[in-house]
Amino acid sequence: MANDGSLTAESYGKLESMGIPRQVIDNHLQTQMRLHQYEAAELAQELGGTEVVQELQTWAVNNLPEAERNEIQATLDSSSPQVQLAILRDLKARAGIGG
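Only a predicted model underlies this, so the values are computations on that prediction, with no experimental measurement involved. (Residues numbered from 1 in each chain as written. Predicted model: local features only at pLDDT ≥ 70, side-chain atom pairs only at ≥ 80, totals over all residues. Heavy atoms only, no water.)

(A) Inspection of the nonpolar core at higher detail. By size, the foremost hydrophobic cluster in this structure holds 15 residues, and its most contacted members are Leu 56, Trp 59, Leu 64, Ile 72, Leu 88, Leu 91 and Ile 97. Broken down by element, the residue count for this core peaks at five residues, all from helix H5 (residues 81–95). Excluding its chain neighbours within four sequence positions, the residues that come into contact with Leu 56 are Leu 88, Leu 91, Lys 92, Ala 95 and Ile 97. (Core = buried A, V, L, I, M, F, W, Y, C linked by side-chain atoms within 4.5 Å. Buried < 20%, exposed > 50% of the residue type's maximum accessible area, 1.4 Å probe, protein only. Helix = DSSP H or I, 4+ residues; strand = E, 2+ residues; numbered from the N terminus. Contact = heavy atoms within 4.5 Å.)

Structural data, given as structure tokens:
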């Protein structure tokens, strides 16, 4: 899936060849994108708002080695919202960011 929530023509073709109509695929993708947006908003709220999240991202870029940032991102990408929140709270504490 691309960052914009769409699939490549090849991916659509594979799914359609399995008998899944394009409308069903698109509906599923839209649902997943809305769920992702909702979870991101919930995480931001738990951390103190979008401004805190932006401050945390800036801190991480300026203070963490690239390898650690990549490891954190990979963990966030494959974790439940609860685990994501714990990781982000830890980073927030390391950064000394309030909110």
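(B) Spatial organisation of the packing of helix H2 (residues 22–47) against H5. In the contact formed by H2 and H5, the axes pass within 10 Å of each other and the chain directions differ by 35 degrees. The interaxial crossing formed by H2 with H5 has right-handed handedness. Where H2 approaches H5, its residues Glu 39, Leu 43, Glu 46 and Leu 47 are matched on the opposing element by Pro 81, Gln 84, Leu 85, Leu 88, Arg 89 and Lys 92. In terms of residue class, the contact of H2 with H5 is made up of five nonpolar, one polar and four charged. (Axes fitted to C-alpha atoms, helices over the stretch in contact; angles between N-to-C directions. Left-handed = near helix turned anticlockwise from the far one by under 90°. Nonpolar A, V, L, I, M, F, W, Y, C, P; charged D, E, K, R; others polar.)

(C) Structural view of H5. The end-to-end C-alpha distance of H5, which contains 15 residues, comes to 21 Å, matching closely the 21 Å that a straight helix rising 1.5 Å per residue would cover. Along its buried surface, H5 packs onto H2, helix H3 (50–63) and helix H4 (66–77). Among the residues trailing H5, Gly 96 stands out with phi positive, at a value near 70 degrees. (Expected span 1.5 Å × (residues − 1).)

(D) Region of interest: the environment of Glu 46. Mapped onto the fold, Glu 46 is located in helix H2. A relative accessible area of 44% means that Glu 46 is categorised as partly exposed. Sequence separation between Glu 46 and Arg 89 is 43 residues, and the spatial gap between their C-alpha atoms is 9.0 Å. Not counting chain neighbours up to four residues away, the residues in contact with Glu 46 comprise Leu 85 and Arg 89.

(E) Up close: H3. Between the first and last C-alpha of H3 there are 20 Å, a value that for 14 residues agrees with the 20 Å anticipated at 1.5 Å per step. Here the buried face of H3 lies against H2, H4 and H5.

(F) Here's a closer look at the packing of H3 against H5. Relative orientation of the contacting elements H3 and H5 amounts to 70 degrees, with a least axis distance of 10 Å. Here H3 lies roughly perpendicular to H5, going by the angle between them. Between H3 and H5 lies a crossing of left-handed hand. Across from Val 52, Leu 56 and Trp 59 in H3, the residues of H5 making contact are Leu 88, Leu 91, Lys 92, Arg 94 and Ala 95. Across the contact of H3 with H5, the residue classes tally to six nonpolar, no polar and two charged. (Parallel < 35°, antiparallel > 145°, perpendicular 65-115°, else oblique.)

(G) Inspection of the side chain of Ser 79 at higher detail. The residue Ser 79 is located in the loop between H4 and H5 in this model. A polar contact is formed between the side chain of Ser 79 and the backbone oxygen of Thr 75, at a distance of 2.4 Å. (Polar contact = N/O pair within 3.5 Å; in protein donor to acceptor, adjacent residues only side chain to side chain.)

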